[in-house]
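Structure at a glance
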Amino acid sequence: MKTLALALAAGLMAAPAFGQAVNGEYRPFYGSAVAVQQGGTGVGDANVGDLQFANGSELNAAYYANDGTNLRLLLTGNLESNFNKLELFFDTGAAGGQSSVNGSGVGAMNNLTGFTFDTGFRANFWLSVTGGDIGGGVYGMFVDGAALSGTGATGGYLGTNDGQNGGALSGGANFLNALVAINNSNTSGVGGGPANVGSPLLSQTGIEIAIPWAALGVAPGSEMRVMAFINGQNHDYASNQFLGALPAGTGNLGGDGNGGFNGSVGQLNMNNFAGNQFFVIPTPGAAALLGLGGLAAFRRRRA
């Protein structure tokens, strides 16, 4: 069993300013981080400082906010603009989620099939973000997503933008009504190499996502679990950048758990690594209860 206490002051539960654009920047309504990186990146320490293009990937910390209608999630860091992938899995607590990925029905998930989550995590939704040069030095960001069930996955391409555009996506079937933006200008946070944890909380920009709670089907008053990690261009090589974090000093997992490449991450089992590689956020109803209580702690248990 592992417990994560999220001490949340009542004042932080006020509705955030969702009128502000989704643009990949930290704003005060996010409050404190709910997950913090424990190791330096094994996939490049970005130092370019450009809004769109980055020469490395890292996940420094996770933040959330909600206004009772929408979930807003910020993962500070960078996503290298070589079409590496940010993989996000959401356990909403609804029945029928997957404890091990079955991507049947969504081709982009082929190399994720078999990936096993920590005990107690059952994914109901998947979101994947990628980006890079689409020609002539023009940056493009692309998003895929799927609803997951015991029989496979339903979904596909959600859309694209230039990394900004208020997060609005075009050209796909955005069944989640998601807004996604990236600000790749971070040059702080963790350092290069598994032992170089640096100062992850100094990072103030990264990937920002807004999704209506209704699209996720989250029951008010419950809690939701989220897992995020950086993966290879073909969803086939897991880095060491996970939130919740891998144990300090862990190197890239690759496809075999030891940094080896085998064309898939399907044999990875997160139960082989200490701790929980996910973080917990309260849903709108739970947030209201926290506000009344002033402070509260969410307990996470392995089943």
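Notes on the structure in this doc start here. (Residues numbered from 1 in each chain as written. Predicted model: local features only at pLDDT ≥ 70, side-chain atom pairs only at ≥ 80, totals over all residues. Heavy atoms only, no water.)

Within this structure, the stated rule accounts for 11 aromatic pairs. The interplanar angle of 65° and the centroid separation of 5.1 Å between the aromatic rings of Tyr26 and Tyr63 together place this pair among those described as edge-to-face. Pair noted here: Tyr26 is in the segment before strand 1 (35-36) and Tyr63 is in strand 2 (residues 58-66), with a separation of 37 residues, a long-range link. Since its relative accessible area comes to 24%, Tyr26 is described here as partly exposed. Among the aromatic residues, ring-to-ring pairing joins Phe89, Phe115, Phe117, Phe121, Phe229, Phe242 and Phe278 into one connected group. (Phe/Tyr/Trp six-rings, centres within 6.5 Å; stacked < 30°, edge-to-face > 60°. Helix = DSSP H or I, 4+ residues; strand = E, 2+ residues; numbered from the N terminus. Buried < 20%, exposed > 50% of the residue type's maximum accessible area, 1.4 Å probe, protein only.)

So, on to unusual backbone geometry. In this structure, Gly244 follows Leu243 across a cis peptide bond, with omega equal to -5°. For Gly244, the location among the structural elements is in the loop between strand 12 (242-243) and strand 13 (279-282). Even without glycine at this site, Asn177 takes up a positive phi of about 55°. Looking at where Asn177 falls in the secondary structure, it is placed in the loop between strand 8 (170-171) and strand 9 (179-182).

Evaluated as defined, the whole model comprises three salt bridges. Two residues, Glu208 and Arg27, come together in a salt bridge whose shortest N-O distance is 3.1 Å. Taken together, the positions of Glu208 in strand 10 (residues 206-212) and Arg27 in the segment before strand 1 put the pair 181 residues apart, joining distant regions of the chain. Among the residues examined, Glu208 registers a relative accessible area of 0% and is labelled buried. (Salt bridge = Lys/Arg side-chain N within 4 Å of Asp/Glu carboxyl O.)

Among the nine residues in strand 5 (residues 125-133), eight count as buried, and that is most of the element. Here strand 4 (residues 82-91) runs beside strand 5; their pairing, made up of seven bridges, is antiparallel. Each bridged residue has a counterpart across the sheet, and for Phe90 the counterpart in strand 5 is Phe125. Here strand 5 pairs with strand 6 (residues 139-149) via nine bridges, running antiparallel. Among the inter-strand pairings, Asp133 is bridged to a residue of strand 6, identified as Tyr139. (Pairing = 2+ DSSP bridges.)

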